[in-house]
Amino acid sequence: MDNRAKKRSTGLLIAIVTILGAPQARGAEVAELLQKLNLTAYSRGTKPPEFNGATAEGRTLSLASLRGKVILLNFWASWCLECRPEMPAFERLHRELAAQGLGVIGINAREGTASIRTYAKELGLTFPLVTDSKGEINAAYGVIGLPTTFVIARDGRAVARGVGPREWGNEHALTIIRALLAEPAATKKEL
């Protein structure tokens, strides 16, 4: 990355941290930043629905257990052709940023564990893939098309959602994710 690109990236990061972190941030400013990735912003106090589910490996996972992490919650299916290109980007984000507090979670739409495991093995996916065979988590989140991805901040607030595929590995996505990772987690008093 050359000096100009570093300065531009740093400037954008500072702007996003300032806007996302400011309690009085206006929805229009956040929406403008998220527009680069064509994401729909939520108002500051919006909380995502709680969920409990089992991963394809049989572990239990809930949104509450992920509190304190920035979450990319992706709803997908193996038959969804538009879902497939996003998966390698999610895997890279998981591998590169999990240690800094990013949680990438895939919620499968109504498929069996065998299909999920085969798909994960085929694409080399190591982030948690939750089964939603009855579609209950999909319904709670109001998912109407696949892929759909929700961005959730460390403090548990819903930041944005994208219906349809996105370029999750591009500079805009990375800048938004890093800005959210720079935010503090909620204190016990705020929970």
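That block above? That's the structure.
Residues numbered from 1 in each chain as written. Predicted model: local features only at pLDDT ≥ 70, side-chain atom pairs only at ≥ 80, totals over all residues. Heavy atoms only, no water.

Moving on: the pairing of strand 4 (residues 70-76). Taken across its seven residues, strand 4 has seven buried, putting it largely inside the fold. Inspection of the sheet shows strand 4 paired to strand 5 (residues 102-109) by seven bridges, in the parallel sense. Across the sheet, the residue bridging to N74 is G106, located in strand 5. Across five bridges, strand 4 lies against strand 7 (residues 148-152) in antiparallel orientation. Bridge pairing in strand 7 places L73 opposite F150. (Buried < 20%, exposed > 50% of the residue type's maximum accessible area, 1.4 Å probe, protein only. Helix = DSSP H or I, 4+ residues; strand = E, 2+ residues; numbered from the N terminus. Pairing = 2+ DSSP bridges.)

Attention now goes to the state of the cysteines. Within this structure, the stated rule accounts for one disulfide. Disulfide partner of C80: C83, at an S-S distance of 2.3 Å. In this structure the cystine formed by C80 and C83 twists about its S-S bond by roughly 85°; its chirality is therefore right-handed. (Disulfide = S-S within 2.5 Å.)

Excluding glycine, a negative phi dihedral is what most residues carry, and trans is how most peptide bonds are arranged. Across the junction of L146 and P147, the peptide omega takes the value -10°, indicating a cis bond. One can find P147 in the loop between helix 5 (136-140) and strand 7. Residues other than glycine seldom take positive phi values, yet N38 does so here, at roughly 55°. Relative to the helices and strands, N38 is located in the loop between helix 2 (27-35) and strand 1 (40-41). Overall, N38 belongs to the exposed group, its relative accessible area being 54%. One non-glycine residue, R110, adopts positive backbone phi at about 60°. Structurally, R110 is set in the loop between strand 5 and helix 4 (113-123).

This brings us to the sheet that holds strand 7. With mixed pairing, eight strands are arranged side by side in an open sheet as 1-8-7-4-5-6-2-3. Edge strands, defined here as strands with exactly one partner in the open sheet, are strand 1 and strand 3 (60-62).

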